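The primary structure of each chain is shown beneath.
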Amino acid sequence: MKSKAAILVGFGRPLEIEEIDVAEPRENEVRIKVAASGVCHSDLHAAHGVYGGNLPAILGHEGAGIVESVGNGVSNVAAGDHVIISWKPACGHCRSCLRGRPNLCEGAAWADCGRMKDGTTRYSSNGSDVLHFGGVSTFTEYTVVPAECAVKIGRDLPLVPMSLVGCAVTTGVGAAINTARIVAGDSVAIIGCGGVGLSSLQGARIAGAKTIIAVDQSDAALSLARSLGATHTINSRCDDPKRSIVEIGNGGVDWSIEAVGRQETMDLAVSILNRGGQAVLAGVARAETMVSFKPFVLVRQENAILGSYYGSARPHTDFPRFANYYRQGMLDLDSMVTPRKLEEINEILTDLESGANGRSVIVF
Ligand SMILES: [Zn+2]
Ligand SMILES: [Zn+2]
């Protein structure tokens, strides 16, 4: 089957739009007509070679679409089903899967090689292999993913906003309500108001946080944060965020959620906690990044630092749950989406680099 796709041919180089061939799904795989794909900072990291890996490859990992066909042995979805794609294949029988933490599955290392479980790829260009991205690729009209990565949702849900559930929403809302356990009346600081930060902010609001302080360097992002439920906003280019947060929170916040992945913002997340407060680090940092804290303070205040990977989510129960928050009007995704075309992919990646707000979503 022919499909238009954006291919990464060399790290640091622009993606190339090409028509590729997408093969039939094999055993326990599904072929999906992608309706929409968000563009995430992790795509930018991948394009810059931060994760290494083999090329050429099709990036994109935040998608929703309609199942076109299924391979042998697939029972969780059928052709015509609407699905959100999970970028974290889970084997179902490793220690983490058995402990109910499929986001930490250690049995799907094959996905990192850019190939499917059987070591082959479903994409080709003029007869040469083109690789997958983490087991899924969504910058393509058609994709093939492991069946376990296709999570069925109701047909009443619009697929463009649902695509965000595949990464930003699950990472952000999950950080707020799975990793952090915010309860009504708590104070929360959200550091970074991109797709993940704005989702964390909404998760904090859904959990009933009383004070939600949003920090960013862009006034446009902060204005969106305010409309999505922030009670206070701080532009860290103009104001000292630490001093302001400690003042607003009367000593600090109960929770901080970091959604940037830089040393200075992670240091900030740890330094603004009130007594008993906890910092949740959800941003993807570079491997060499270090964070510092004062153990004297951490011990006396019983503070904690938590990592959050894919929002501590169980995609097969959390995706439908987050989709339902959208259906009930609790989760505003429409305000976060900026619709774009596949041909604009390189501009979108440049916008991400410069910290543009909201989420660019490629609509097919
Ligand atoms: Zn992502
Ligand atoms: Zn596993």
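Conventions used here
Residues numbered from 1 in each chain as written. Chains lettered and ligands numbered in written order. Predicted model: local features only at pLDDT ≥ 70, side-chain atom pairs only at ≥ 80, totals over all residues. Heavy atoms only, no water. UniProt positions renumbered as here; feature names shortened; annotations may be inferred. Donors = N, O, S within 2.8 Å, 3.2 Å for Na, K, Ca; no water. Tetrahedral: all angles 85-135°; square planar, octahedral: opposite > 155°, others 65-115°. Buried < 20%, exposed > 50% of the residue type's maximum accessible area, 1.4 Å probe, protein only. Salt bridge = Lys/Arg side-chain N within 4 Å of Asp/Glu carboxyl O. Helix = DSSP H or I, 4+ residues; strand = E, 2+ residues; numbered from the N terminus.

An unreviewed UniProt entry lists the chain under the name Alcohol dehydrogenase catalytic domain-containing protein, with Paraburkholderia acidiphila as the source organism. UniProt lists a comment for the chain under the heading Sequence similarities (unreviewed entry), and it reads "Belongs to the zinc-containing alcohol dehydrogenase family." Quoted verbatim from the Cofactor (unreviewed entry) field of the UniProt record, the comment on the chain reads "Zn(2+)".

1. Notes on the coordination of the zinc ion (ligand 2)
Cys91 (SG), Cys94 (SG), Cys97 (SG) and Cys105 (SG) make up the full set of protein donors to the zinc ion (ligand 2), lying at 2.3 to 2.4 Å. Around the zinc ion (ligand 2) sit four donor atoms, and with donor-metal-donor angles ranging over 104 to 120 degrees the site reads as tetrahedral. Going along the chain, you hit the donors of the zinc ion (ligand 2) in the pattern C-x2-C-x2-C-x7-C. Judged on exposure class, the residue Cys91 and its partner Cys94 are both buried.

2. Describing the pattern of salt bridges
Counted under the stated rule, the structure contains 18 salt bridges. A salt bridge links Asp129 to Arg115; the shortest N-O distance between them is 3.6 Å. Taken as a pair, Asp129 in strand β8 (residues 128-130) and Arg115 in the loop between α2 (95-98) and β7 (123-125) lie far apart in primary sequence, 14 residues in all. Here Arg340 and Glu344 are joined by a salt bridge, their closest N and O atoms 3.3 Å apart.

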